[in-house]
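Given next are the chains, with one letter for each unit.
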Amino acid sequence: MAGRWMEFGKYGAAGAPGGEALGIAMEGMVHGISSPVDSERGLAARLNYLTKSDAGYEAMDRAGVHVSPRTLMAWLAEERTPNKANLARLDAAYWDLRRRNVAADLKHRLNNNGRGTRVEVNPVNQRGVEQKYRRDLAPRSVNVRGVWDRAVDAWMDDDQDELDAVWDEVLDLIGSDYDGYSYVSSIGWSA
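To start, this report covers the structure provided alongside it. (Residues numbered from 1 in each chain as written. Predicted model: local features only at pLDDT ≥ 70, side-chain atom pairs only at ≥ 80, totals over all residues. Heavy atoms only, no water.)

We now examine the overall build of the protein chain. When its secondary structure is counted, the protein chain shows seven helices and four strands. The order of α-helices and β-strands along the protein chain, N terminus first, is β-α-α-α-α-α-β-β-α-α-β. Radius of gyration (C-alpha) of the protein chain: 21 Å, far over the 16 Å computed for a compact globule of 191 residues. Each of the three principal axes of the protein chain carries a C-alpha extent, and together these read 65 × 40 × 25 Å. A burial count over the protein chain gives 39% of its 191 residues as buried. Across the protein chain, every contact between residues at least 6 apart in sequence was considered, and the portion connecting residues at least 24 apart equals 73%. Only carbon and sulfur atoms are counted for the fraction: they give 46% of the accessible area of the protein chain, which is about 10700 Å². Here the protein chain contributes 24 positively and 29 negatively charged side chains, and the mean placements of these two sets differ by 4 Å. (Helix = DSSP H or I, 4+ residues; strand = E, 2+ residues; numbered from the N terminus. Rg over C-alpha atoms; globule rule 2.2 N^0.38 Å. Buried < 20%, exposed > 50% of the residue type's maximum accessible area, 1.4 Å probe, protein only. Contact = heavy atoms within 4.5 Å. Areas by Shrake-Rupley, 256 points an atom, 1.4 Å probe, with all protein chains shown as cover. Lys, Arg positive; Asp, Glu negative; His and termini not counted. Charge placed at Lys NZ, Arg CZ, Asp CG, Glu CD.)

See below:
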């Protein structure tokens, strides 16, 4: 995937492979409770979110939260506090469920009923590159469709090879200078 960036960063360019940037952009869509899990508010909010659905209980199971219903009820009633290991597991379960819920929503929004989503691709940061080695690259905007389900699934599975394959398909949409965007500073969309 390096193309003409045979030794990326040799002259001071900064960025990430496009597939990695795609994963970073998706991860940036995952927002949640800002209070730490060891605070009263943070724990209560996580427990409330996790115990509202079967998916929440499944997330707790995947994270290794295996306690009796009585213990879980005591946590919910704030009569007892989980130990540090269970706090960490509850936090992991919360973020796992958030990612899964965001993934389902992302597929729907990015596919946009088959119309796809306009993606802005920002080229590598060349501020640290001596002028004679700089490439003439500008931000590009392309409409991407037909790859979002694969991209979101790859992100959820931490499958960097598949994210790279999806990015190669996006590069085909850029046109003649696609090679200059195999590494980017960032990508983004409005979804």
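Right, let's get into the packing of helix α2 (residues 40-50) against helix α5 (residues 84-111). Remark: α2 packs on α5, axes separated minimally by 10 Å, with the N-to-C direction vectors making an angle of 50 degrees. The angle between α2 and α5 places the two elements in the oblique class. The element α2 and its partner α5 pack so that their crossing is left-handed. Contacts from L43, R46, L47, Y49 and L50 in α2 reach L87, L90, D91, A93, Y94, W95, L97, R98 and N101 in α5. When its residues are assigned to classes, the contact of α2 with α5 shows ten nonpolar, one polar and three charged. (Axes fitted to C-alpha atoms, helices over the stretch in contact; angles between N-to-C directions. Parallel < 35°, antiparallel > 145°, perpendicular 65-115°, else oblique. Left-handed = near helix turned anticlockwise from the far one by under 90°. Nonpolar A, V, L, I, M, F, W, Y, C, P; charged D, E, K, R; others polar.)

So, about the packing of aromatic side chains. A complete count under the given rule lists three aromatic pairs for this structure. With a centroid separation of 5.4 Å and 65 degrees between ring planes, the pair formed by W148 and W189 is classed as edge-to-face. Highlighted residues: W148 in helix α6 (residues 148-156) and W189 in strand β4 (residues 183-189), separated in sequence by 41 residues. W148 gets classed as buried once you look at its relative accessible area, which sits at 2%. Residue classification places W189 among the buried residues on the basis of a relative accessible area of 14%. Following the ring pairs from residue to residue traces out a cluster consisting of Y49, Y94 and W95. The residue whose ring lies beneath R46 is Y94, and the NZ or CZ to ring-centre distance is 5.3 Å. A cation over a ring is seen here: R99 above W155, with NZ or CZ 4.5 Å from the ring centre. (Phe/Tyr/Trp six-rings, centres within 6.5 Å; stacked < 30°, edge-to-face > 60°. Lys NZ or Arg CZ within 6 Å of the ring centre and 35° of its normal.)

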